[in-house]
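So the chains spell out like this:
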Amino acid sequence: MPTKNDAKKALDTVITKSRVHLYKPIQIAEILYHIRMYGDINPLELEEYRTKSKRWRDDVCRVLLGRTCTSITFLK
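Parameters at a glance
Residues numbered from 1 in each chain as written. Predicted model: local features only at pLDDT ≥ 70, side-chain atom pairs only at ≥ 80, totals over all residues. Heavy atoms only, no water. Phe/Tyr/Trp six-rings, centres within 6.5 Å; stacked < 30°, edge-to-face > 60°. Buried < 20%, exposed > 50% of the residue type's maximum accessible area, 1.4 Å probe, protein only. Patch = residues over 30% accessible without salt bridge, like charges linked within 9 Å, V, L, I, M, F, W, Y side chains within 5 Å. Areas by Shrake-Rupley, 256 points an atom, 1.4 Å probe, with all protein chains shown as cover. Salt bridge = Lys/Arg side-chain N within 4 Å of Asp/Glu carboxyl O. Helix = DSSP H or I, 4+ residues; strand = E, 2+ residues; numbered from the N terminus. Disulfide = S-S within 2.5 Å. Bend = angle between axes of the 7 residues up to and from the residue. Contact = heavy atoms within 4.5 Å.

A separate point is the packing of aromatic side chains. Taken as a whole and assessed by the stated rule, the structure comprises one aromatic pair. The interplanar angle of 85° and the centroid separation of 5.8 Å between the aromatic rings of Y33 and Y38 together place this pair among those described as edge-to-face. Since its relative accessible area comes to 32%, Y33 is described here as partly exposed.

Another point: a nonpolar patch on the surface. Together, Y33, M37 and Y38 make up an exposed nonpolar region whose accessible area comes to about 320 Å². Mapped onto the elements of the fold, Y38 is located in the loop between α2 (23-37) and α3 (46-65).

Scanning all chains against the criterion turns up zero disulfides. The structure places no disulfide on C61, whose sulfur is separated from the nearest cysteine sulfur, that of C69, by 7.9 Å. Judged by relative accessible area, C61 falls into the buried class, the value being 0%.

Attention now goes to the pattern of salt bridges. A side chain with one charge can pair with a side chain of the opposite charge if their charged atoms come near. Within this structure, the stated rule accounts for three salt bridges. Close ionic contact of D58 with R57 constitutes a salt bridge, the shortest N to O distance being 3.1 Å. Overall, the relative accessible area of 14% leaves D58 in the buried class. Between D59 and R62 there is a salt bridge; the shortest N-O distance is 3.1 Å.

We now examine α3. Largest kink in α3: about 30°, centred on K52. Residues of α3 that are buried include every one of Y49, S53, K54, W56, R57, D58, C61 and L65, and no others.

Take the side chain of S53 next. Along the chain, S53 falls in helix α3. In this structure, S53 is in contact with Q27 and I31, ignoring residues within four places of it in sequence.

Here's what the structure looks like:
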């Protein structure tokens, strides 16, 4: 069974090979995670989670990538 370090290395490889930093897929994953685990947002109400999901994404990106999305147009 893969360890947490194995998973981290695999993710690092994917991110390194990609020409983008995968911010949007990480944000989508965090939205889906919150819907599944907490049920604290309604996926049909974009404004309910738009700002929160950016914060969730940035928290994950800091850990995985050591940086966050800085593009203003990317946040729209």
